[in-house]
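# Structural overview
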Amino acid sequence: MSVQQGARKSASPSVFAEEVFRRLPRADQRRWAQAYLRALLVTPGKKTMRRLAASVSDSPTASQALHQFVNASPWLWSDVRAELIAQVNRYARPRAWTIAPVVLPKRGTKSCGVHRRFVPELGRSVSCQLAVGAFLSTEVGQVPVDWFLHLPGAWLEDPVLCRRARIPEATAARSVAGGVLDLADDLVSRSPHRPLPIVADLSGYGDPHELLRGLGTRGREFVVAVPAALPLVPDGPPGGPRWSGSAPALPAERLLRGRGRAAARGGRAGSAWVRLTGERGADPQLCRLFAAPRQGPGGPRTGQLWITNSIHRPAEELLGLLGAQAATADTLDSLAADFGLYDFEGRSYPGWHHHMTLVSAAFAYHSLTADRAPAAELRSA
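Residues numbered from 1 in each chain as written. Predicted model: local features only at pLDDT ≥ 70, side-chain atom pairs only at ≥ 80, totals over all residues. Heavy atoms only, no water.

## Description of the pairing of strand β11 (residues 305–308)
Side chains of β11 alternate between two faces, with L305 and I307 and W306 and T308 buried alike. Pairing of strand β6 (residues 222–226) with β11, which is carried by four bridges, proceeds in the antiparallel orientation. Residue A225 lies in a different strand from β11, and its bridge partner there is W306. Relative to β11, strand β10 (residues 287–291) runs antiparallel, the two sharing four bridges. (Buried < 20%, exposed > 50% of the residue type's maximum accessible area, 1.4 Å probe, protein only. Helix = DSSP H or I, 4+ residues; strand = E, 2+ residues; numbered from the N terminus. Pairing = 2+ DSSP bridges.)

## Thoughts on the pattern of salt bridges
Overall, the coordinates contain 14 salt bridges when judged by the stated rule. The closest approach of N and O atoms between E345 and R347, which form a salt bridge, is 2.0 Å. With relative accessibility at 43%, the residue E345 sits in the partly exposed group. Look at R347 and you get partly exposed, because its relative accessible area is 44%. (Salt bridge = Lys/Arg side-chain N within 4 Å of Asp/Glu carboxyl O.)

## Topic: the packing of helix α1 (residues 13–20) against helix α2 (residues 27–42)
It is the contact of α1 with α2, at a shortest axis distance of 10 Å, that shows an interaxial angle of 130°. Taken together, the axes of α1 and α2 lie oblique to each other. The two elements α1 and α2 meet at a crossing, and its hand is right-handed. Listed contacts from α2 to P13, S14, F16, A17 and E18 of α1 are Q34, L37 and R38. (Axes fitted to C-alpha atoms, helices over the stretch in contact; angles between N-to-C directions. Parallel < 35°, antiparallel > 145°, perpendicular 65-115°, else oblique. Left-handed = near helix turned anticlockwise from the far one by under 90°. Contact = heavy atoms within 4.5 Å.)

## Digging into the confidence of the model for the chain
Here the chain averages 86 in pLDDT, and 86% of its residues register 70 or above. Low pLDDT (under 50) marks residues 1–8, which in the prediction has 27 contacts with non-local residues, meaning those over four places away or in another chain. Here residues 372–379 scores under 50 on pLDDT; set against residues more than four positions off or in separate chains, the count is 19 contacts. (pLDDT = per-residue confidence, 0-100.)

If you want it as structure tokens, here you go:
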């Protein structure tokens, strides 16, 4: 199936699902995957397993079958996500990967990875799962295609918790930034085209220095939000005098003071040439530090500082990438309100990944297809 890049395409949910789920090994798995996708599209309100099943089947055992498919059936979510990425590339023109943290509030202590955490947006600590979503930014919006679930050390160090949640034995402890780097590796390996820039804002949830060093070492093009206090070393512009090794590290905000902040207030992207601290080698990577200028509603946060190794991209393109990253907030709101992002209990590690994969597929179908099927067709088996 091929379409002209950038054009939206009509497709029934069954045709779309056949493509996305074609690598599931058993016919019954593919059938229930299609049913779950249809149910997410048509079930109003909270997406409990019972309500999802009732939306697409009259069978009294449908709820149990859906629960079995999501929580216990041994299918590889990585295969489905690879097909989902391929489908997004067929339906729309990708321009960047965007990365955003997601806090999933939970009651009790049995959901996989649940822990108490301070949430900056709420100004208080909550019991939650912490995930990171990876989105393909296209001309029709940001489409979720991959997920990382952060597992605190207390979970991975407790064999009882691991066994109860069916966490694979090979799962290693990773920081949030480390999980993003793994996501980036997976995204690049699955992409059918040239690597895209990675735009990430982990403010309050991950170590920006770890993320920046990891992306730079991997040779990835990046635009990453950084805190005002992040120490950076001033450098010279391309083709001009470069760092000599004697310049002290300064807080990012101080490096932009005057140039960057004044430009931001005037609606422009002020910038400074910098390199990361702790880098080794005679020619450390040159980066550009800049502040997000004043934007209208839905744009990047005014005054947020960003660093990029895309030193030759025009300022307008960089601001376009920030707009794409900011738009992921709207996608997450839609996933929560309309596609059951928060509604899965998530007690098992495989079940959580299965649900997030199916939610992503349903959102992709809704976003990418021009003429969506009527509710009656979506409900039919």
